[in-house]
Amino acid sequence: MAAPAARRIAGAEVPIPGSDRLRWIDLTVPSSSPGPAGPSDPFVCVPARAASGCHIIPSGDSQYYLAWRLHEEHQNVLEVIELCASKELPGSGLRLVFQEALCPFAFLCEREGGRRGELAYLLYVLTVSGVALLCHLRRPFSYVSGSILHQDDIVEFNIQSQAQSAKVTAVTAKPGCLVIGRQDGSICSYSLGKLAPNSPGFFNELRDDAGIGRLWTLMSRTKAVGPVQDMVPAVVNERDLLFVLHLDGNLRIWDIASHTKLLNYNVCSNDVEGHPSRLWVGEADDDQELISLAVLHQGTVVQDCDHVAVYGFSFSAGERLWFSPEPSVSTLPLLEGRLVDLKISTDKLWILREIGLMLYEILQYDSDTEQAFNFISSMFLRRLLQPGVNHCSALRETLLEHKRFLSDSEFQSLTANGLRKEILSIIEQEGSSQTASAVAYHWKKFSARYLHNWCRNNRPYGLLLDTNHEVLGLIRKGSISLFRCLEAVEILIYGSSDELHNPDGGGINLLDDMSDFELFNEVLRCMGHIHHLLGRSSTAIYYESLISSVISSDEVASQIIKMLETAFSPQSSSSIITLLGTDAYVERRQAAHKSQRKFSVEMLLSFRKLQSRSTSWSAVFDVIEKFMKCLNTNITPQEYESRRVCNINSALLVQATSQVARTMFECAFDLFLFLSYLVDVGGQVSLLQSDVARLKQKLFPMIQDILGQWIVLHFVGISPTTPPTIDDFSYQLSSLQLGMFCDGVFKIPTFRQFSHDMYPCKADELSLHRKLGCSDFTLACLLDFPKSPEGDVLSSCFPSPAKVIDLVRRFISLIMCESDVEYVPTFLDSTINLSAVLIRHGQYEAAQSLLGILETYLNHGNVSQAGQDADIACSAYLHLNGFCLLKLAYYEANIVLRESKVHDAIQCFFRAASGHDAPTALQKFSLETGFLVSVEYRSSLWRLHYYEWAMQIFEQHSMSEGACQFALAALEQVDIIFDLDNGHEAEGLPETATMIKGRLWANVFKYSLDLKHFRDAYCAIISNPDDDSKYVCLRRFIIVLCELGETKVLCNGEIPFTGLVEKVEQELAWKAERSDLSSKPNLYKVLYSFEAYRNNWRKAAAYMYKYFVRLNREGNAGGNRLSHALQERMHALSAAINALQLVDPSFAWLDSVREADDQISPSKRPRNLLMENSAFGTDSELCRLQFCVDMEILEKEYTLTEAQYMLSTVKSRSDFSESQSIEALMDILINENLYDLVFTIVLKFWKGSGMKRELERVFSAIAQQCCPNRVGKSGRNLSDTHQLLLLPSSEDDAWDINAKNMAVAHQSHGSCQWETLELYLGKYKDLHPRLPVIVAETLLYTDPEIELPLWLVQMFKTNKTGNRMVSWGMSGQEADAAALFRLYINYGRHAEATNLLVEYLESFAASRPVDVLHRKKMSASWFPYTAIERLWCQLEEMQRAGHSVDQCDRLKKLLHGALMSHLQQVVVDSEDVLSSSVGGGQAMESQGS
């Protein structure tokens, strides 16, 4: 604060919030007159300047203020704003764009007979070329921006068309009349808007004479008057008069109606220096017959020292109005600053001057903590964006200077948070990674540019005066303001020292005698020394430390006290040197040291004066304590009627309240620093220990209370509201328009009024929620405003300066008392109640900030309140703070911050419940938080209800962690209630302990499950004493695990399920039978894993077989592709087979499907799907399947399923259905070259002769495919490598890659059917030796011209070991050479038969020596002689028939030769045998003899 000034400051400016961000409706005014001939010599010589005015128009119960502005840089643009104090600030104003520049004049009045929606206002303007325009404007201003005013709404008249050629030097108007003053001193009036330009009486000229004497006057040589300087119309005694000021000093008063002059007075006759330039006329006092005038004299000898002369003229009213020729005169020199505007009344004079800007240096507070950037930025942003400082145009220009290019719509759509982000991004780009001093430096640069733009966009244009209601305002370039009187303490700070003991002068009478006054004056001087040394930055830093928890307020206070001793922070030396340079830093350090030495000396002298003028320090403290009473909010409980209002008056009241609160906080903080500094230097000024104790125990808590009250009031006055979230119920409620905005009053029902206070809503009016988030709609706007017969914010007129400060006092009392007229609350109570109101309106962040202030005071013991009241306040604070944290966490997007806030909320609720007087503290916050409490409950029972409420509210906000903790805490309270004190507390409970525990454990289970804490959920299940609830939870547990895909928890043994295994299995089986087969996870597989982990392999196999049966019954009902369904069947059968193999063979079988279905829980009937007939068995086999399923049946099913699956993976030309026979399936497989599956089916389903028969049929079919000349040859070969590289043509034809590989693996490694036939024939001929005969016969039958492959012929010629059998003839097994020989003969292959026979005969004859003896044995060889004979006969028949005669002859010769040789060899061998037998007999006889 500054030291008391010499001149009294009577009031302060209160900007109208939002007047800087109006949306302008551009309306072009056309003109039919030609433009000016040359801008260098305009016809209207009124000097161009920025001008403004305000015209007050009463309309019924309302009063409208029409303010207009004409900017100096845009002389052709006129801005018009319509204001009504009892209504909300309009969102738009009218911007009239004319074709040429206007002179700095405009006149607005109401059009007689105007109605809403019709032409209501008349606007008079004059262009620099002399064109007078009268515009008819509608009210409200509902024009479309960019449109053109209709020509019928414009009356245009060119003044240059008159005979007078003198230029216009002054212009004024009144309703129905435009008056101009010319350079020759003449005055002309035009009845513009009342008469047509060509009508008689439209033009009139005011002259000194009238009638016939005018001609004589014109011819006489009288002295002409000087050019007209200014003209002002006025009403005196119900007569329209015109006051005219001429350059030569003549002041003339004319009666406009009679065109007569009433007075001629020369203002230069009073020895006032300078020439008269402007004239102002006050409102006439008809009772005292007195009127005041003010004349500005410029061009004085002393440069920049103009004078204002005030004249008081008396008049007498009668048949002829008469003015006294000798008025009272007083002069007022304007020592500094150019006069901008002046308003005068009978006894007051308001002068608006343009004075140089006052820039305040910002003190640096350095900190090395990580939060320094956030702290400093928050401090600057809070001041920058508060109403009255935040200016839309200035801020946008500052952003543009920092290359933040935002369009009009983008900038207008920015909320307060959006503006913060944009500004913070600029500071971060400047140097976010630097020290706190660097951050403060960049903020100072940004603020300096903003201040420059603010001053440029807020130049004062003129004063707004309503003499009827004593309203004084200011029209600036970019805003509109009103003035208010100063509060008592403000008068002490800014006023003269006489105000301390002069109650009539507007001060306060708080001192008893002159000695007290002297002491108090010295205390103020000490506070002024501190304020002068530190500036306002220390207050801002301390303020921010109380609002935010980044830096402790005690730490800030101690640091500021240290700076009073050193005047410079040593911590910031390096960073400041970097920013400013070494020389600048040294210079600044020296200046600070000099200021600190001067401060120390001045403070020491002041302390000495205080000691000399008082008997002891106690007397000084008594005076300070009296001053503290003045600094307090001075709550005076009165029964005010309150109402929620949103209009200009309410916004002004909020703004004025924040100004008063800031001033009071700064003054209290200066007093706090003074007392702290006094304690710090107490040893130097003889401060006793008793004095220190009084300071610490009484005065410091009092001043802390005062600081807390004012900071809370200032915070709610400047902090913008937060916009509602999309899912906010109240926002949705407002979107349904369940409220009504009527006469500037929001009638939105509160929670208390919701059932009976419903109002209809107008769809075209602005709702309360639409204003939330706007920077000028602060938290205080949500509160109720005082209403009384003496005047309130509902008045249709703006309040007078004195009324504003009176409303501020009542508003503060209403906020702090909360309409309780019987109880004066303390700072803690008021803050808690105010936080509750903010919570009721959804302003959780703001409420938490207020509660943070409260926490600072409670933690450090800075309040004067103690004992039980402090405990109650602490419980209420914790309860509300926890609720705010809960809400903020719910809307927090950052996961880390969300978890942190949830954790803090949990702590707050637990701490709130631990308070001894918590029920008393929380009983009045049921509307805000929803917790209803009865103080009749005992502590344990109350905590049970509280924990259950906390559990429910966490659950409502999807915060299962907190809900789970409070559910467990409630369970502990149940144990306490029923186990201790013999259960007396449980008498008031409607439920038993088992019911309550069952419900709470069920909640614990639910929350644990939501958190995916599955073990905790299982523990909650087994801990539940209620069996019904337990099994419901178990079922839910299984369902959720299945939905989350966490079924491994059931199967991996992580949870033991002690005593619940059967229930789990039953529930899984029940759910599996009723679930869709396509659902994931597959519950049959889960059951398989569940039983397999417990080594119940028979059950595991049974569930997989049930899965297979359902797949068979439902087919492709699940929507899967056929191949996938068949693959699932294979997997199910494979799992069942594998599991059943681990069972004892005597039990390796499964119950029938019917028996399994009978064991399903009867609560729901399973799917009623008919079982399809099996593809492999007869009806008798099907009946057997329904009663017992063994390994053999499972393997058969697997084989058939595999076959169907393989068919589904290829483009089969034949469709197979399960109603067809196995033979048909095998035929299809053969056609698709799936031979492995064919042979597997044969081996599985047939034994003995049946198997051989089927093998013959299969090989016959394979052999047919090898014949190139057969009809209907299959073209598919899975072994073709190029086919495996082809992509499927569509999704339906896609092959499963695994199945394709399997199909290829089952085929031969060759590349043709012959190799396939050779491979399988070599593999299965040992199983059925006749297969080569079947193959050869099939080939010869299918293609009579085919040549048997060599490998097949060799099979006939070799034995099992692969050795040839030629040496012993053509005999052998079923597939021997003789069989091949007969086949050749049967199918007319005479050449092949002959060659085969010749080959064997020659081989027989060419035996090795070692085999000769064996050949000569009895029956050593055999040849098919009958077949040979048939061959010979067929050759003869062909010769006789004439077919192939030569070939037959050649074959006969070959055959005859071979046979003859063979027969001769047989004869020789026979003779050898006989001779050998005869010789042997003789030898035996000789030996015998």
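Just so we're clear, the structure is a prediction, and the values are computed from it rather than from any experiment.

Details of helix H10 (residues 553-566)
Right, on to step 1. Taking 1.5 Å of rise per residue, 14 residues should cover 20 Å, and H10 covers 20 Å from first to last C-alpha, within 8% of that figure.
Right, on to step 2. Looking at where H10 begins, the residue whose side-chain oxygen comes 3.3 Å from the main-chain nitrogen of Asp554 is Ser552.

A word on unusual backbone geometry
Right, on to step 1. Residue Pro1081 follows Lys1080 across a cis peptide bond; omega there is 0 degrees.
Right, on to step 2. Along the chain, Pro1081 turns up in the loop between helix H31 (1061-1074) and helix H32 (1083-1093).
Right, on to step 3. Positive phi outside glycine occurs at His259, with the angle close to 60 degrees.
Right, on to step 4. Assignment of secondary structure puts His259 in the loop between strand E18 (250-255) and strand E19 (260-266).
Right, on to step 5. The phi dihedral of Glu289 falls on the positive side, at around 50 degrees, and the residue is not glycine.
Right, on to step 6. Glu289 sits in the partly exposed class, given a relative accessible area of 29%.

Details of the sheet that holds strand E10 (residues 147-148)
Right, on to step 1. One open sheet holds the six strands; their spatial order is E3-E4-E5-E6-E2-E10, and the pairing between them is mixed. This sheet does not close on itself; its edge strands, each paired only once, are strand E3 (51-59) and E10.
Right, on to step 2. With nine bridges connecting them, E3 and strand E4 (residues 62-70) associate as antiparallel partners. Looking at E4, one finds that Ile56 is bridged to Tyr65.

Re the pairing of E4
Right, on to step 1. Burial analysis of E4 places nine of its nine residues in the buried class, which makes it a mostly covered element.
Right, on to step 2. Hairpin connection between E3 and E4: a loop of two residues separates the two successive antiparallel strands, and Gly60 in this loop has a positive phi of roughly 65 degrees.
Right, on to step 3. Summarising the sheet, E4 and strand E5 (residues 77-84) pair through seven bridges and their orientation is antiparallel. In the sheet register, Arg69 faces E5, and the bridge partner there is Glu79.
Right, on to step 4. Turn length for the E4-E5 hairpin, with the two strands adjacent in sequence and antiparallel, is six residues.

What about the sheet that holds strand E14 (residues 187-190)?
Right, on to step 1. Here we have four strands laid out as an open sheet, ordered E12-E13-E14-E15, and antiparallel in their pairing. On the outer flanks of this sheet lie strand E12 (168-174) and strand E15 (203-206), each paired with one strand and no other. Sheet twist, expressed as the mean angle between neighbouring strand axes with direction ignored, is 20 degrees.
Right, on to step 2. Inspection of the sheet shows strand E13 (residues 177-182) paired to E14 by four bridges, in the antiparallel sense. Considered in E14, the bridge of Val179 is made with Ser189.

Notes on the pattern of salt bridges
Right, on to step 1. Applying the stated criterion across every chain, the model contains 39 salt bridges.
Right, on to step 2. Here Arg69 ties to Glu79 by a salt bridge, and the two come within 3.1 Å at their closest N and O atoms. Here Arg69, found in strand E4, pairs with Glu79, found in strand E5; they are ten residues apart in sequence, far enough to count as distant.
Right, on to step 3. Take Glu79: its relative accessible area is 5%, and that puts it in the buried class.
Right, on to step 4. It is possible to trace a salt-bridge network through shared partners that takes in Asp26, Arg69, Glu79 and Arg95.

Quick notes on the confidence of the model for the chain
Right, on to step 1. For the chain, per-residue confidence averages 78 on the pLDDT scale, and residues scoring 70 or more make up 78% of the total.
Right, on to step 2. Between residues 503-507, whose pLDDT stays under 50, and residues either more than four places distant or in other chains, the model counts eight contacts.

Focus on the packing of aromatic side chains
Right, on to step 1. Evaluation of the coordinates by the stated rule reveals 54 aromatic pairs.
Right, on to step 2. For the ring pair Tyr1018 and Phe1057, a centre distance of 5.6 Å and an interplane angle of 75 degrees mean the geometry is edge-to-face. Separated by 39 residues along the polypeptide, Tyr1018 in helix H28 (residues 1014-1023) and Phe1057 in the loop between helix H30 (1048-1051) and H31 bring together distant segments of the chain. Residues Tyr1018 and Phe1057 agree in their burial class; the two are buried.
Right, on to step 3. Over the face of the ring belonging to Tyr543 we find Arg383, whose NZ or CZ atom lies 5.7 Å from the ring centre.

Quick notes on a negative patch on the surface
Right, on to step 1. Side chains of Glu238, Glu283, Asp286 and Asp287 sit close together on the surface and give a patch of like negative charge.
Right, on to step 2. Examined against the element boundaries, Glu283 turns out to sit in the loop between strand E20 (275-281) and strand E21 (290-298).

Digging into the nonpolar core
Side chains of a nonpolar character, in soluble globular proteins, are inclined to be buried together.
Right, on to step 1. Counting 253 residues, the largest nonpolar core has Leu671, Phe674, Phe954 and Phe1037 as the members making the most contacts within it.
Right, on to step 2. The element best represented in this core is helix H14 (residues 648-680), accounting for 19 residues.
Right, on to step 3. Each residue touching Leu671, except ones within four places of it in the same chain, is listed here: Val523, Met527, Ile624, Phe627, Met628, Leu631 and Ile703.
Right, on to step 4. Listed in part, the 74 residues of the second largest apolar core include Ile1222, Leu1352, Ala1377 and Leu1459.

Examining the packing of helix H37 (residues 1191-1208) against helix H39 (residues 1235-1245)
Right, on to step 1. For the pair H37 and H39, the least separation of the axes is 10 Å and the interaxial angle reads 160 degrees. Viewed along their axes, H37 and H39 adopt a mutual orientation that is roughly antiparallel. The two elements H37 and H39 meet at a crossing, and its hand is left-handed. Across the interface between the two elements, Glu1195, Lys1196, Thr1199, Leu1200, Glu1202, Ala1203 and Met1206 from H37 touch Leu1237, Thr1240, Ile1241, Lys1244 and Phe1245 from H39.
Right, on to step 2. Per-class residue counts for the contact of H37 with H39 are six nonpolar, two polar and four charged.

Calculation rules
Residues numbered from 1 in each chain as written. Predicted model: local features only at pLDDT ≥ 70, side-chain atom pairs only at ≥ 80, totals over all residues. Heavy atoms only, no water. Helix = DSSP H or I, 4+ residues; strand = E, 2+ residues; numbered from the N terminus. Expected span 1.5 Å × (residues − 1). Polar contact = N/O pair within 3.5 Å; in protein donor to acceptor, adjacent residues only side chain to side chain. Buried < 20%, exposed > 50% of the residue type's maximum accessible area, 1.4 Å probe, protein only. Pairing = 2+ DSSP bridges. Axes fitted to C-alpha atoms, helices over the stretch in contact; angles between N-to-C directions. Salt bridge = Lys/Arg side-chain N within 4 Å of Asp/Glu carboxyl O. pLDDT = per-residue confidence, 0-100. Contact = heavy atoms within 4.5 Å. Phe/Tyr/Trp six-rings, centres within 6.5 Å; stacked < 30°, edge-to-face > 60°. Lys NZ or Arg CZ within 6 Å of the ring centre and 35° of its normal. Patch = residues over 30% accessible without salt bridge, like charges linked within 9 Å, V, L, I, M, F, W, Y side chains within 5 Å. Areas by Shrake-Rupley, 256 points an atom, 1.4 Å probe, with all protein chains shown as cover. Lys, Arg positive; Asp, Glu negative; His and termini not counted. Charge placed at Lys NZ, Arg CZ, Asp CG, Glu CD. Core = buried A, V, L, I, M, F, W, Y, C linked by side-chain atoms within 4.5 Å. Parallel < 35°, antiparallel > 145°, perpendicular 65-115°, else oblique. Left-handed = near helix turned anticlockwise from the far one by under 90°. Nonpolar A, V, L, I, M, F, W, Y, C, P; charged D, E, K, R; others polar.

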